[in-house]
Structure formats: C-alpha cells, structure tokens
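So the chains spell out like this:
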Amino acid sequence: MTIEQAQQTVDQWITTTGVRYFNELTNMAILTEEVGEVARLIARQYGEQSFKESDKGHELGDELADVLFVVICLANQTGVDLTEAMTRNLAKKTQRDARRHKDNEKLK
C-alpha cells in the first residue's frame, strides 16, 4: 500500500465506518494517547520495565499502525499530501545532514 492509497483507504473507512473525522484537537489528543501506548510497549519489550497482565495481547506493529492511522487522519483533514510532504522532508534531511551522521564519532 502506498502512502496515497493509505490516505484514501483511511478516508473511505472514516466516511463509511467511522461516520466522520474527529476534530483536529481530538485527533491530536488521540495521537498523543497512541504514541504513549507505543512508548509503554517499547519500555517493557526493549527497556527495563516488566510486563503487566494488562499488557498481554498488545503488539508493537498494531500500536504503530494506530499511530499511523491517526497521523493519516490529521493529514487528510488538514489537506496534507503525505507523499509530497515525505518527499520534501527527505530531500531537506538529505541536504541538511549530508555529512552530519557520517562524521558523528558516537555512531562509529
């Protein structure tokens, strides 16, 4: 699935199953919640926290997909073409960081 297809698929899902988009502020709050769920799982899976009974059944891929879904909702409702935005963003990073990471002694 391309980014463009993902944006179209989410829009179709929202307008058929979800009824309508939540407003931007609500989606921002939901995004924060979903990112928190990713952080919680990573802290337990890769960090030093132990799992709780309530953590069972949570998968990192599913939690990341929840984050992506809300990001796509925000992009759709604010008129952002994520394919175009990612292309511009990667070009910016490539120009800005052409030597930055290669010259970073901490990464060697």
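Residues numbered from 1 in each chain as written. Predicted model: local features only at pLDDT ≥ 70, side-chain atom pairs only at ≥ 80, totals over all residues. Heavy atoms only, no water.

Enquirer: What is the right way to look at the pattern of salt bridges in this model?
Expert: Working definition: two side chains of opposite charge can pair if their charged atoms are close together. In the structure shown here, the tally under the stated rule is eight salt bridges. Notably, a salt bridge pairs Arg40 with Asp55, separated by 2.9 Å at the nearest N-O pair. Of this pair, Arg40 sits in helix 2 (residues 24–45) while Asp55 sits in the loop between helix 2 and helix 3 (60–78); the two residues are 15 residues apart in sequence, bridging distant segments of the chain. Looking at Arg40, the relative accessible area reads 35%, which means it is partly exposed. The closest approach of N and O atoms between Asp97 and Arg96, which form a salt bridge, is 3.0 Å. When its relative accessible area of 13% is taken as the criterion, Asp97 is described as buried. One network of salt bridges, with partners in common, ties together Arg40, Arg44 and Asp55. (Salt bridge = Lys/Arg side-chain N within 4 Å of Asp/Glu carboxyl O. Helix = DSSP H or I, 4+ residues; strand = E, 2+ residues; numbered from the N terminus. Buried < 20%, exposed > 50% of the residue type's maximum accessible area, 1.4 Å probe, protein only.)

Enquirer: Looking at this structure, I do not really get the side chain of Glu34. What am I missing?
Expert: With respect to the element layout, Glu34 can be found in helix 2. Here Glu34 sits buried without a salt bridge, and the closest side chain of opposite charge, Arg40, lies 11 Å off (N-O distance). If near-sequence neighbours (up to four positions away) are discounted, Glu34 is found in contact with Glu63, Asp66, Val67 and Val70. (Lys, Arg positive; Asp, Glu negative; His and termini not counted. Contact = heavy atoms within 4.5 Å.)

Enquirer: Explanation requested: helix 1 (residues 3–16) in the structure shown.
Expert: One turn of an α-helix holds 3.6 residues; hence residues three or four places apart share an orientation. The terminal C-alpha atoms of helix 1 lie 20 Å apart, and with 14 residues this matches the ideal 20 Å at 1.5 Å per residue to within 8%. Listed as buried for helix 1 are Ala6, Gln7, Val10 and Ile14. Axial view of helix 1: buried residues confined to an arc of 100 degrees, hence all on one face. With respect to the buried face of helix 1, the exposed residues turned more than 90 degrees away are Gln12 and Thr16. Structurally, helix 1 contributes buried residues whose contacts are with helix 3 and helix 4 (82–96). (Expected span 1.5 Å × (residues − 1). Arc of directions from axis to C-beta.)

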